[in-house]
Amino acid sequence: MALSWDWLISASILIWLFLVIAAKMTRQSIPDLLTGLKDFATGRGEDAIEAGEQLAYYD
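Residues numbered from 1 in each chain as written. Predicted model: local features only at pLDDT ≥ 70, side-chain atom pairs only at ≥ 80, totals over all residues. Heavy atoms only, no water.

A. Fine view of the overall build of the chain. Per the secondary structure count, the chain includes three helices and zero strands. For the chain, the sequential pattern of α-helices and β-strands runs α-α-α. Out of the 59 residues belonging to the chain, those deemed buried represent 12%. Per element, the accessible surface of the chain, about 5400 Å² overall, is 66% carbon and sulfur. (Helix = DSSP H or I, 4+ residues; strand = E, 2+ residues; numbered from the N terminus. Buried < 20%, exposed > 50% of the residue type's maximum accessible area, 1.4 Å probe, protein only. Areas by Shrake-Rupley, 256 points an atom, 1.4 Å probe, with all protein chains shown as cover.)

B. Spatial organisation of helix 1 (residues 6-26). Over its 21 residues, helix 1 runs 30 Å from end to end, which matches the ideal 30 Å to within 8%, given 1.5 Å per residue. Where helix 1 is buried, its residues touch helix 2 (30-41). Positive phi appears at Arg 27, one or two residues downstream of helix 1, with a value of about 55°. (Expected span 1.5 Å × (residues − 1). Contact = heavy atoms within 4.5 Å.)

C. Region of the structure containing the packing of helix 1 against helix 2. Running from amino to carboxyl end, helix 1 crosses helix 2 at an angle of 100°, the nearest separation of the two axes being 9 Å. Classed by the angle they form, the pair helix 1 and helix 2 counts as roughly perpendicular. Note on element contacts: helix 2 touches helix 1 through Ile 30, Leu 33 and Leu 34, opposite Trp 16, Leu 19, Val 20, Ala 22, Ala 23 and Thr 26. Per-class residue counts for the contact of helix 1 with helix 2 are eight nonpolar, one polar and no charged. (Axes fitted to C-alpha atoms, helices over the stretch in contact; angles between N-to-C directions. Parallel < 35°, antiparallel > 145°, perpendicular 65-115°, else oblique. Nonpolar A, V, L, I, M, F, W, Y, C, P; charged D, E, K, R; others polar.)

D. Here's a closer look at unusual backbone geometry. The backbone phi angle of Arg 27 is positive, close to 55°, even though this residue is not glycine. Relative to the assigned elements, Arg 27 resides in the loop between helix 1 and helix 2. Classification of Arg 27 by relative accessible area gives exposed; the value is 70%.

Next up, the structure:
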């Protein structure tokens, strides 16, 4: 039984492209963006929002 890897490769490329575009738009590095998303998903979203607001005020 052959496993088609096309959908997995396509999905990973699209996710990576989304991360790169989101990082450029928010002027963050990709690890900072992923950390913010992880904090938001684990329930520390208020801390992440406050940190994002502080970054916005520094610009």
